[in-house]
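# Summary of structural features
Each chain is listed here by its residues.
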Amino acid sequence: MKIGIVGAGLAGLHAAHLLEKTGAQVELFEAKDRVGGRVHTIRSDSGWFEAGGEWIDADHHRMLSLANELGVPLVPTTEDEYSLLYSGQRCSRRETWPEARACQEALERQAFALAEILQEIPWQNTRHRELDQMSACEYMQPFFKTPEAKWLIEATYRSDEGEDLDRISALGWLCGLKHYINRERGVASAFRLASGGDMLVEAMASRVSASINRGKVLKSVEMLQDQVDLGFELTSERFDRVLLTVPPKAMLDIEFPQDVSKCQGESWNSCGMSRALKIAFEFSHSWWQDQGWSGYLLADSPLKQIWPAPESPILIAYICGTDSREVLKINDPIPRALRQLDRIMPGAKKHFIRGWICDWMGDPFAQGAFSNLAPGYVLSHMETIRKPCGRVHFAGEHTALWTGFMEGALESAERSVKEIIDAENSH
């Protein structure tokens, strides 16, 4: 069996390894000149940071197992290190304003109680169509009882979704919350890769025997009776089956047969993609530690969330939703962002060396940082987007139940490989 895989990110590399273990002949195609997809480490003389996927929860068992198997060490983190800054008032996450904390806790009690009775498979919750049409912001609205409560709730969950909450399905958010039922404190964002995501993807690539054809942009897919043709700029390749791990919006740039476009096109178009970007600031040293600040911050400033890169004098500002688009309207956003950081924590300008902007929305092969579940999407498109069309199969975090996570990319690879093997065995 000859399998063509398009996309050498986590999903494509993991699927290639699993397929080769079954004896399949695999060939990989990657549009970029590097592997990893939206896992991308940027390195400088003094350190490194993750431009894309970064955080691993303590119950992301596939990611933890993969890192252990490949000998890639992890570094633990803790959410308790976060400071909160709202209207000039600063406190720790543990010392949140009492009324705001009470509102968030009340929201979570109600949401967890509802999430517990929902079906594990999101699109099976057909009795809750009104929740799918409702935005997460609308669902949370009754708990916005004070300005601090509104800010704290939105800041917390907008960060998780990488998007404004009025663009997230309440049902999708609640189904995602099922992953967190009965979790212990500190499970979320519990680890990062200590030596960088690029070390993980290079280790994944090295254990694959298949050739990885870089700089190969998929232009068309043609379905024959028992095979599939993949069309690239100047060449085409024929396979028994293909696995496409291309992010959903980029799928719309590929020419498909009419039946595939009809089956999947609306799902790709309807899938939300987070408008999230990172601004990385490199400094001469980790000056914030001299001030007794961990480097972790949730704020009501234009720099909504900040955290330090592992063991590097680099701070990451994470900005999502409409705010991220406003940042990119500025001709040179890094100096302005630096001034904003210096107002929050004086000392930033004095020790600044250089900065980077990492915008996945502007990447033609990603067109978003990671997928999310837009209002109306769960019950109309979430099941369809992962269904194979003939001999064409689909993977990527947007096709997973762990939507939006690196864990989801691995999950999708395992599911799609099983589909391929089962389909071949049934012939």
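Residues numbered from 1 in each chain as written. Predicted model: local features only at pLDDT ≥ 70, side-chain atom pairs only at ≥ 80, totals over all residues. Heavy atoms only, no water.

Taken together, the five strands give an open sheet; going across it, the order is 9-2-1-13-21, and neighbouring strands pair in parallel fashion. Of all strands in the sheet, those with a lone pairing partner are strand 9 (212–214) and strand 21 (392–394), marking the two edges. For this sheet, the mean angle separating the axes of adjacent strands, direction not counted, is 20°. The strands that helix 1 (residues 10–21) touches are strand 1 (2–6), strand 2 (25–30), strand 9 and strand 13 (241–244); relative to strand 2, the one it contacts most, it runs at about 170°. (Pairing = 2+ DSSP bridges. Helix = DSSP H or I, 4+ residues; strand = E, 2+ residues; numbered from the N terminus. Axes fitted to C-alpha atoms, helices over the stretch in contact; angles between N-to-C directions. Contact = heavy atoms within 4.5 Å.)

Taken in spatial order, the seven strands of this open sheet run 7-6-16-17-18-15-19, and their pairing is mixed. Across the chains shown, the open sheet's two edge strands, defined by having one partner strand only, are strand 7 (89–92) and strand 19 (352–359). The sheet shows a mean angle of 20° between the axes of neighbouring strands, direction not considered. Packing of helix 6 (residues 147–161) onto the sheet brings it into contact with strand 6 (83–86), strand 7, strand 16 (297–299), strand 17 (305–308) and strand 18 (314–320), and relative to strand 6 it is tilted by some 130°. Helix 13 (residues 333–344) contacts strand 6, strand 7, strand 15 (276–283), strand 16, strand 17, strand 18 and strand 19 of the sheet and is inclined by roughly 70° relative to strand 15.

This paragraph deals with the pattern of salt bridges. By the definition in use, this model includes 24 salt bridges. Across the pair Glu-54 and Lys-278 runs a salt bridge whose closest N-O atoms are separated by 2.7 Å. Of this pair, Glu-54 sits in the loop between strand 4 (48–50) and helix 2 (61–70) while Lys-278 is found in strand 15, placing the two residues 224 residues apart along the sequence. The burial state of Glu-54 is the same as that of Lys-278; both residues are buried. Linking Arg-101 and Glu-105 is a salt bridge whose minimum nitrogen-to-oxygen distance equals 4.0 Å. In this pair, Arg-101 and Glu-105 both sit in helix 3 (residues 98–117), four residues apart, roughly one turn of the helix. Through salt bridges with shared partners, a single network forms among Glu-163, Asp-164, Arg-167 and Arg-275. (Salt bridge = Lys/Arg side-chain N within 4 Å of Asp/Glu carboxyl O. Buried < 20%, exposed > 50% of the residue type's maximum accessible area, 1.4 Å probe, protein only.)

So, about the packing of helix 2 against helix 8 (residues 197–206). The contact between helix 2 and helix 8 brings their axes to 10 Å, and the two run at 70°. Taken as axis vectors, helix 2 and helix 8 run roughly perpendicular relative to one another. Residues Met-63, Leu-66, Ala-67 and Leu-70 of helix 2 touch helix 8, and the partners they reach there are Leu-200, Ala-203 and Met-204. Looking at the contact of helix 2 with helix 8 residue by residue, the class counts come to seven nonpolar, no polar and no charged. (Parallel < 35°, antiparallel > 145°, perpendicular 65-115°, else oblique. Nonpolar A, V, L, I, M, F, W, Y, C, P; charged D, E, K, R; others polar.)

Right, let's talk about the pairing of strand 18 for a bit. Counting buried residues along strand 18, seven of its seven residues qualify, which places the element largely inside the surrounding structure. Neither face of strand 18 is open: one carries Ile-314, Ile-316, Tyr-318 and Cys-320, the other Leu-315, Ala-317 and Ile-319, and all of them are buried. As paired strands, strand 15 and strand 18 are joined by seven bridges and run antiparallel to one another. Note that in strand 18 the partner of Phe-281 across the bridge is Leu-315. Note that strand 17 and strand 18 share four bridges and pair antiparallel.

Turning to its location among the elements, Arg-386 is positioned in the loop between helix 15 (377–380) and strand 21. No salt bridge is formed by the buried Arg-386; its nearest oppositely charged neighbour, Glu-411, is found at 4.4 Å. Ignoring anything within four residues of it in the chain, the contact list for Arg-386 reads Trp-123, Phe-394, Thr-399, Ala-400, Leu-401, Glu-411, Arg-415 and Glu-419. (Lys, Arg positive; Asp, Glu negative; His and termini not counted.)

Just geometry here; none of it tells us what the structure is for.
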